[in-house]
Amino acid sequence: MRFRVLPLCLVGALGLAACADFQRGAPPAAGEPEPAAGDDGGPGPGATVFAGAVHDTLLQGCQSCHAAGQAASNTAWLLTGDVEADYLATLPFIDESAPLQSRLLAKASGRGHAGGGVFPADSAELDLLIQWIVDGAMP
Ligand code: HEC
């Protein structure tokens, strides 16, 4: 049941890093060893990964500018449509130690972004990006 805290924390919680400690997913079952902080053992069951919905969301919302020849072509974040290349290009804008502070989220929601607020603070798209980062920004 404790994982139910997660969506409540996420709704409109951009900037409220206080929730971050609770966002690693459900606690381990009794008897299992506690995973080390920053454990990189791969996505757990149900973890949000980049390939699929996250990549598609970024392509749909962001690629119109963030591609060669477009408005944001002179930035360091360009999407090509290739999932691996786009994943590697996106990682520098992720802050895994403070997911909600990630530049990707700030830009996507319009904080200090010439591209404006593409995904508002309470949108399903932004929630998906948050969930992906909180789950460990897996490929
Ligand atoms: C209408 C065009 C436009 C759209 C759509 C757009 N951006 Fe941008 N973005 C820009 C421009 C122009 C810049 C460079 C100026 C700035 O940093 O704001 C930029 C900069 C950025 C940067 C910083 C890149 C760097 O090199 O530092 C990130 C990250 C970013 N945008 C993320 C996003 C995300 C995520 C989306 C989709 C949710 C998105 N952008 C959609 C125009 C856009």
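Look above for the structure.
In this report, we go over the structure that sits alongside the text. (Residues numbered from 1 in each chain as written. Predicted model: local features only at pLDDT ≥ 70, side-chain atom pairs only at ≥ 80, totals over all residues.)

So, about helix H5 (residues 124-134). Taken together, the buried positions of H5 are Leu126, Leu129, Ile130, Trp132, Ile133 and Val134. A positive phi of about 115 degrees marks Gly136, the residue just after H5. (Buried ≥ 20, exposed ≤ 12 C-beta atoms within 10 Å, placed from the backbone. Helix = DSSP H or I, 4+ residues; strand = E, 2+ residues; numbered from the N terminus.)

Between helix H2 (residues 50-62) and helix H3 (residues 83-90), the least distance of the axes is 11 Å, while the angle of their chain directions is 70 degrees. Our classification of the angle between H2 and H3 gives roughly perpendicular. Crossing of H2 against H3: the hand is left-handed. Here H2 contributes Phe50, Ala51 and His55 to the contact with H3, which in turn contributes Val83, Asp86 and Tyr87. Split into classes, the residues belonging to the contact of H2 with H3 amount to 4 nonpolar, 1 polar and 1 charged. (Axes fitted to C-alpha atoms, helices over the stretch in contact; angles between N-to-C directions. Parallel < 35°, antiparallel > 145°, perpendicular 65-115°, else oblique. Left-handed = near helix turned anticlockwise from the far one by under 90°. Contact = placed C-beta atoms within 7 Å. Nonpolar A, V, L, I, M, F, W, Y, C, P; charged D, E, K, R; others polar.)

Read these as geometric descriptors, not functional statements.
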